[in-house]
Amino acid sequence: MELGLQGKGALVTGASSGLGAACALALAAEGADVVINSRNQAKLEVCGEKIFRATGKPVGIVVGDLTKPEETGRIHAEAIRLLPNARVDILVSNTGGPAAGLFLDLPQEKWEEAHGLILRSAVDLTRLVLRSMIQQKWGRLVYITSVSVFQPIDDLLLSNTFRAGLTGFCKTISNCYAQHGITANTVCPGYTATERLTDLAASRASKAGISVADALSSFAILCPSGRIGRPEELAALVAFLSSELAGYITGSSIAVDGGAYKSL
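Heads up: these notes are all about the structure in this document. (Residues numbered from 1 in each chain as written. Predicted model: local features only at pLDDT ≥ 70, side-chain atom pairs only at ≥ 80, totals over all residues. Heavy atoms only, no water.)

**Description of the overall build of the chain**
Across its full length, the chain holds 8 helices and 7 strands. Summarising its shape, the C-alpha atoms of the chain cover approximately 55 × 40 × 35 Å along the three principal directions. Expressed as a percentage of the 264 residues in the chain, the buried residues total 48%. In the chain, of all internal contacts separated by at least 6 residues, the share reaching a separation of at least 24 is 73%. (Helix = DSSP H or I, 4+ residues; strand = E, 2+ residues; numbered from the N terminus. Buried < 20%, exposed > 50% of the residue type's maximum accessible area, 1.4 Å probe, protein only. Contact = heavy atoms within 4.5 Å.)

**A word on the packing of aromatic side chains**
Taken as a whole, this structure holds 5 aromatic pairs when the rule is applied. Each ring, one from phenylalanine 103 and one from tryptophan 111, has its centre 6.3 Å from the other, and the planes form 70 degrees; the classification is edge-to-face. Looking at phenylalanine 103, the relative accessible area reads 55%, which means it is exposed. Considering the side-chain rings of tyrosine 191 and phenylalanine 219, the 4.6 Å spacing of their centres and the 10 degrees angle between planes classify their relative orientation as stacked. Of this pair, tyrosine 191 sits in the loop between strand 6 (182-189) and helix 6 (195-208) while phenylalanine 219 sits in helix 7 (residues 212-221), and the two are 28 residues apart along the sequence. Neither tyrosine 191 nor phenylalanine 219 differs from the other in exposure class; each is buried. (Phe/Tyr/Trp six-rings, centres within 6.5 Å; stacked < 30°, edge-to-face > 60°.)

**A look at the pattern of salt bridges**
Applying the stated criterion across every chain yields a total of 13 salt bridges. For arginine 74, the salt bridge is made with glutamate 71, and the minimal N-O distance between the two is 3.0 Å. Of this pair, arginine 74 and glutamate 71 both sit in helix 3 (residues 69-82), separated by 3 residues, roughly a single helical turn. Residue classification places glutamate 71 among the buried positions, given a relative accessible area of 18%. A salt bridge links glutamate 233 to arginine 230; the shortest N-O distance between them is 3.1 Å. For glutamate 233, a relative accessible area of 28% puts it in the partly exposed group. Three or more residues joined by partner-sharing salt bridges are found here, namely Arg227, Arg230, Glu232 and Glu233. (Salt bridge = Lys/Arg side-chain N within 4 Å of Asp/Glu carboxyl O.)

**Section: helix 2 (residues 41-55)**
In a regular helix each residue adds 1.5 Å, so 15 residues correspond to 21 Å; helix 2 covers 21 Å between its end C-alpha atoms and thus fits that length. Here helix 2 has its buried residues at Leu44, Cys47, Gly48 and Ile51. Along the axis of helix 2, the buried positions cluster into a sector of 100 degrees, meaning they face one direction only. Helix 2 presents Val46 and Arg53 as exposed residues on the side facing more than 90 degrees away from its buried surface. Against the buried residues of helix 2 lie helix 1 (18-29), strand 2 (33-38) and strand 3 (60-63). Following helix 2 by one or two positions, glycine 56 has its phi on the positive side, about 75 degrees. (Expected span 1.5 Å × (residues − 1). Arc of directions from axis to C-beta.)

Written out as structure tokens, the structure is:
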């Protein structure tokens, strides 16, 4: 299937590993020019080399911390400098997960960190890329959230709260800017094989007095598919939503969770 991504410029955040890295690879494989961002230069370089070996496409690297508002503009400016067409046509806004815990486990500073990580970073980046998308009458905004926006998970309160806020933000952006050929969607992963899931399994295993392997198995049991997802399965959807063919899909929140979310 030809997705029409040749020559499109993409910025993928949180892309040193896991879901972000898989999305960057999927976009590059479809011909997009990709810039990847995270706070870890060494991991970004490994990811960029992997993508180049797999696709033959060189990858731009921008190290920076999106939780710091003063860095967001620099990250965007560096991405523009590195992209051959000098603009971000596709924004994939992805971050690591915030601290796990129940309400009384989470001090105020954790709420501030989670707000900056999940919501403010996405809002700030959208503000930076939206005007050029309007000018060219084309753009793709993809925000990676979590299936917890449909079905909150008790010990992921910070994620439940701020990813739900990001979902409302995305829906509003989709309503206001669809007339300019811009789509905005959220992709909602369930239990997927990433470092984040391993960390969550370790936390639950410690509290329950079980092994990490047993905790991971308990996640798989929650899914009708009977297994944990693979990052590339979510990345395939992100690549499609970024394409010409997905131009009539906007304002949607799409779960990639093996059927774990049970509601209609």
